[in-house]
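Listed here are the chains, written in short residue letters.
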Amino acid sequence: MRSLDNLLRNNREWAARQKREKPDYFEKLQYQQNPEYFWIGCSDSRVPSNEIVGLQPGELFVHRNVANLVVPSDLNCVSAIHYAVSDLHVKHIIVCGHYGCGGVRAALDGLDMGLADNWLMHVRDAYEAHFEELEGITSYAEKFRRLCEVNVLEQVRHVSRLPVVEKAWKARKDLTVHGWIYSIQDGLIHDLHLKASGQSEATGIRSLNRSRFRSRRD
Ligand code: CO
């Protein structure tokens, strides 16, 4: 069996470097985390959440899964959101998709992914919610890009419908849900302008149609 000595060595070097640069670094972190942001992103190894937004350990609470989906019956994701909102009191929930997402592509192409098809069914739901628009796009590359975007919109909708989020808004808590998309090609994040800081904005996002939710390239 091959060992992972290289990773363990990297870790020791990293810990030593942190300690050298900030002597109280680990001491401060061990008592509590106090992140302002909660990131819901794709598991894709090319989208390292903390790194692309320049945040340090302790500053970003993270949940990642294939195709950055927020499925209300997924206890894992919903528990993470619940904890982030109720206990960590994060101020921002960021749903960040990415162009070139393998999960989105598998759903678009109808590939046989075995068990994962059950998960990717939720991307197909996003497709169906935007069926007319997507069917009208003739270029495969454009359709793929657009499905990555509308998938973010659908997940923002799901977040904004969760009872814990609605309850926070009712209590006038400072909490904003954002929809972003990351481009692996150039490392840039694009704001899809899907922002809800309360119930009325969330309702606005839920009722968005093509004329109002424009692709960033439109
Ligand atoms: Co992905």
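Everything below is about the structure printed above this text.
First, a word on scope: everything that follows refers to the structure included in this document. None of these values were measured; they are calculated from a predicted model.

Let us now look at the overall build of the protein. Helix and strand counts for the protein stand at ten helices and five strands. Its C-alpha atoms give the protein principal-axis dimensions of about 55 × 50 × 30 Å. The 218 residues of the protein split such that 42% are buried. For the protein, contacts bridging at least 24 residues in sequence account for 62% of all contacts bridging at least 6. Accessible surface, the protein: about 12,500 Å² in total, of which carbon and sulfur atoms supply 51%. The distance from the centre of the 29 positive side-chain charges to the centre of the 28 negative ones in the protein is 3 Å.

Let us look at the nonpolar core. Counting 51 residues, the largest nonpolar core has Phe38, Ile81, Ile93, Val159 and Val165 as the members making the most contacts within it. It is helix α8 (residues 140-161) that contributes the most residues to this core, eight residues altogether. What Val159 contacts, discounting residues up to four positions off in sequence, is Ile40, Val70, Ile81, Ile93, Val95, Val165 and Val177. The next biggest cluster of nonpolar side chains, apart from the first, holds seven residues, and it includes Trp39, Val47, Leu60 and Cys96.

The next point concerns a nonpolar patch on the surface. A cluster of nonpolar side chains, namely Trp14, Phe26 and Leu29, defines an oily patch on the protein surface of about 220 Å² accessible area. By the element assignment, Leu29 lies in helix α2 (residues 25-31).

Our focus in this paragraph is the pairing of strand β3 (residues 92-98). Of all the seven residues making up β3, six are buried; the element is thus mostly covered by neighbouring parts of the structure. Summarising the sheet, β3 and strand β4 (residues 176-183) pair through seven bridges and their orientation is parallel. From the neighbouring strand, Cys96 faces β4, where its bridge partner is Trp180.

It is worth spelling out the packing of helix α5 (residues 102-109) against helix α6 (residues 116-129) at this point. At a minimum axis separation of 9 Å, α5 and α6 run at an interaxial angle of 70°. In this view, α5 runs roughly perpendicular relative to α6, as classed from their interaxial angle. The interaxial crossing formed by α5 with α6 has right-handed handedness. From α5, Gly103, Val104, Ala106, Ala107 and Leu108 reach across to α6, where they touch Leu120, Val123, Arg124 and Tyr127. Of the residues in the contact of α5 with α6, the class split is seven nonpolar, one polar and one charged.

With that out of the way, let us pick up the coordination of the cobalt ion. Around the cobalt ion, the protein supplies Cys42 (SG), His98 (NE2) and Cys101 (SG) as donor atoms, at distances of 2.0 to 2.3 Å. Expressed as a motif, the donor residue spacing for the cobalt ion is C-x55-H-x2-C. Residue Cys42 is found in strand β1 (residues 37-42), and its partner Cys101 is found in the loop between β3 and α5; the two are separated by 59 residues along the sequence. Both residues of the pair, Cys42 and Cys101, count as buried.

On to the sheet that holds strand β5 (residues 188-196). Pairing is mixed in the open sheet, where five strands are placed in the order β2-β1-β3-β4-β5. Only two strands of the sheet have a single neighbouring strand rather than two, namely β2 (60-65) and β5. Taking each pair of neighbouring strands and ignoring which way they run, the sheet shows an average axis angle of 20°. In the packing of helix α4 (residues 75-86) onto the sheet, contacts are made with β1, β2 and β3, and the angle to β2 comes to roughly 170°.

Conventions used here
Starting afresh in each chain, residues are numbered from 1 along the sequence in its written order. Given that the model is predicted, a residue must reach a pLDDT of at least 70 before its local features are reported, and side-chain atom pairs must reach 80 or more before they are shown or counted; all residues, however, enter totals for whole chains, interfaces and linings. Heavy atoms from the whole structure form the basis of all side-chain values; hydrogens and water molecules are not counted. For the purposes of this entry, the term helix denotes a DSSP run of H or I that reaches at least four residues, the term strand denotes a run of E that reaches at least two, and both are numbered from the N terminus. Only protein chains enter the accessibility calculation, which uses a 1.4 Å probe; a residue whose area is less than 20% of its type maximum is buried, one above 50% is exposed, and one in between is partly exposed. Should any heavy atoms of two residues lie within 4.5 Å, those residues are considered in contact. Areas reported here follow the Shrake-Rupley algorithm with a probe of radius 1.4 Å; residue values treat only the protein chains shown as occluding. Only four residue types enter the tally: Lys and Arg on the positive side, Asp and Glu on the negative side, with His and both chain ends excluded. A single reference atom marks each charge: NZ on Lys, CZ on Arg, CG on Asp, CD on Glu. Here the nonpolar core consists of buried residues drawn from Ala, Val, Leu, Ile, Met, Phe, Trp, Tyr and Cys, with membership extended through side-chain atoms lying within 4.5 Å. A patch consists of residues whose relative accessible area exceeds 30% and which take part in no salt bridge; residues with like charges are grouped when within 9 Å of each other, and nonpolar side chains (Val, Leu, Ile, Met, Phe, Trp, Tyr) when within 5 Å. Between Lys or Arg on one side and Asp or Glu on the other, a salt bridge is scored when a side-chain nitrogen of the former is within 4 Å of a carboxyl oxygen of the latter. Only when DSSP finds a minimum of two bridges between them are two strands counted as paired. Every axis in this analysis is a line fitted to C-alpha atoms, fitted for helices over the stretch in contact. Angles between the N-to-C directions lie between 0 and 180 degrees. Our angle categories are set so that under 35 degrees counts as roughly parallel, over 145 as roughly antiparallel, 65 to 115 as roughly perpendicular, and the remainder as oblique. Helix crossings get a hand from a simple test, with the near helix turned counterclockwise from the far one by less than a right angle marking a left-handed crossing and a clockwise turn marking a right-handed one. Amino acids are sorted into nonpolar (Ala, Val, Leu, Ile, Met, Phe, Trp, Tyr, Cys and Pro), charged (Asp, Glu, Lys and Arg) and polar (every other residue, Gly among them). Donor criterion used throughout: N, O or S atom within 2.8 Å of the metal, extended to 3.2 Å for Na, K and Ca. Water excluded; incomplete-looking sites may result.

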